[in-house]
Amino acid sequence: MEQPLLPMLLELTVVVTLLVLALSHLVSSRRSPPPRRLPPSPPGLPVIGHLHLLRPPVHRTFHELAARLGPLMLIRLGSTGCVVASSADVARELIHGHDATISGRPITALARLFSYGFAFTTYGPQWRLLRRLCVSEVLGPRTVEQLRPVRRASLVLLLRAVLAAAARGEAADLTRELIRFSNASIIRMVASDAPGSVADEAQDLVKAVTGLIGAFNVEDYVPLCRGWDLQGLRREAAGVHRRFDALLEKMIRHKEEARDHGRAAIADDDEHEQEDRKQAPATRQRNKDLLDILLEKADDDAAEMKLTRENIKAFITDVVTAGSDSSAATVEWMLAELMNHPEAMRKAAFKETLRLHPGAPIAHRMSTGEMVVRGFTVPPRTAVFINVWAIGRDPAFWEDPLASCGGGRRGCPGVGLAQQSVPAALAALVQCFDWAVADGETGLVDMDESDVGLVCARKHPLLLRPTARLNPFPAVE
Ligand code: HEM
């Protein structure tokens, strides 16, 4: 008997539909990616996420959390997702495998105010050009070498201050003297003719800037608090920024006047003298300081990027704030370690000190795209904290000792300068004086770390009693 057409069509439709569904499920289950596995996180709270877990100094808190959660963990600071890298292997994978993706910096409200050109700017064409100029010329090996006499002059002032303490039979406050030395040395590299008052004011300002940028600002993490300046940090920062800007203007105008004066003198010279001047370019090159280099670039119409006055100021702010306290703290820790472990520290004191007391304990980055690290997915726009302090305590670190200054495109461009200036300061102090711990029964220096600021500094001032080794003392005559 013949089957009715309608039920037959219905049956056929059901069978075809089931077949299509089964097939599409098979295909989609093959195509869809496996579920994303995020790095491990500690239990968090609504709104604030893991903010309540952070205790200063933050690099130690991260280190303790990593002991439980592993070398790559995900935390949430308010609304900001962050990954923390705490081992040499993870840092290497991030820096070597995802360098371009993590070459941004988290731009906090205060960093935007102070670093409007370079160290805390987003990764992009302008940053690339400034970075190239920085690495090849401003902090390049030739400039660092040419400015050796300028640094030496600041070192002589440091030795004189210590010699005066030795003559009075008093302890020297090396924390204060080394910060003064390091600031003066960098300011003189920027503008070799800057008066002493400029270096003193810069020292004050650098302290204020590193304190403010290193401070925890709730606005950066809790959107509800944005714009309210509940801690008064933005108001304080605006005042510091105004003073810094005025100081930079003063330095630049002073330099411009000197250059105009020099140009007028050249125009007045007769042809003979002009020829003589052309014959002596090497001598003139040697005397160029960082502002000379930057102002020449600003005048250069053929330059790849026309430097503006703002760019110049941003450059100097970055170099002075990033290079001064970090270098001073490293010399101070080196001397402290030498006092406590004279034999162990005799060799490789610089690298060993950077490993144990890295000037900048956390390298801050920002990811632009999604990454897979150690099999974990790190979402885009995640802050990346490379815990340099923890990595220095990872046995795998010894293969890569200069990781203490970061790495990749955004690694520290001042490493070459620090490698010259930091060991030179230590060598001068150790060669010229015998040292004894000023007080305390153990004869050992305390090694407590400060909780505040961007730099991993000592908690207590380093007070040591110097005895001059040399008599007469030729370096300071
Ligand atoms: C012992 C001393 C120093 C230490 C421990 C140190 C450490 C660091 C670290 C960890 C970073 C972040 C790197 C990264 O994100 O991978 C950095 C960046 C930077 N450092 Fe240093 N630094 C030192 C000395 C200096 C000096 C002497 C200068 C300049 C005079 C300098 C200028 C900078 C600048 C401008 C940046 C930002 C680079 C960028 O964003 O492209 N540093 N430093």
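All of the points below concern the structure found in this document. What you see is a predicted model, and the numbers here were worked out from it, not measured in a lab.

Another aspect to go through is the site of the ligand. Around the ligand, the structure places 29 residues, and the nearest of them are Arg105, Arg131, Arg365, Arg410 and Cys412. One of the side-chain nitrogen or oxygen atoms of Arg131 is found 2.9 Å away from an oxygen atom of the ligand. Arg365 is positioned such that a nitrogen or oxygen atom in its side chain is 2.7 Å from an oxygen atom of the ligand. At the level of secondary structure, the elements contributing two or more residues to the shell around the ligand comprise helix H5 (125-138), helix H14 (309-340), strand S4 (362-366) and helix H17 (415-432).

What follows deals with the nonpolar core. Formed by 51 residues in total, the largest nonpolar core has its most connected members in Leu291 and Ile312. Mapped by element, the contributors of at least two residues to this core are helix H4 (109-114), H5, helix H8 (174-190), helix H9 (196-214), helix H10 (233-268), helix H13 (290-299) and H14. Sequence-distant contacts of Ile312, defined by excluding residues within four places in its chain, comprise Ile252, Leu291, Leu294, Leu295, Ala298 and Leu307. By size, the runner-up hydrophobic cluster in this structure holds 33 residues, among which are Leu155, Ala166, Met339 and Ala349.

One open sheet accounts for 4 strands, arranged S1-S2-S7-S4; its pairing is mixed. The sheet is open, and its two borders are formed by strand S1 (72-77) and S4, each paired with just one other strand. Ignoring strand direction, the axes of neighbouring strands in this sheet form an average angle of 25°. In the packing of helix H2 (residues 58-69) onto the sheet, the strands contacted are S1, strand S2 (80-85), S4 and strand S7 (383-387), and the crossing angle to S1 comes to about 125°. Against the sheet, helix H3 (residues 88-97) makes contact with S1, S2 and S7, and its axis sits at roughly 135° relative to S7, the strand it touches most.

Cut-offs and rules
Residues numbered from 1 in each chain as written. Predicted model: local features only at pLDDT ≥ 70, side-chain atom pairs only at ≥ 80, totals over all residues. Heavy atoms only, no water. Near = heavy atom within 4 Å. Polar contact = N/O pair within 3.5 Å; in protein donor to acceptor, adjacent residues only side chain to side chain. Helix = DSSP H or I, 4+ residues; strand = E, 2+ residues; numbered from the N terminus. Core = buried A, V, L, I, M, F, W, Y, C linked by side-chain atoms within 4.5 Å. Buried < 20%, exposed > 50% of the residue type's maximum accessible area, 1.4 Å probe, protein only. Contact = heavy atoms within 4.5 Å. Pairing = 2+ DSSP bridges. Axes fitted to C-alpha atoms, helices over the stretch in contact; angles between N-to-C directions.

None of the figures reported here should be taken as evidence of function without further support.
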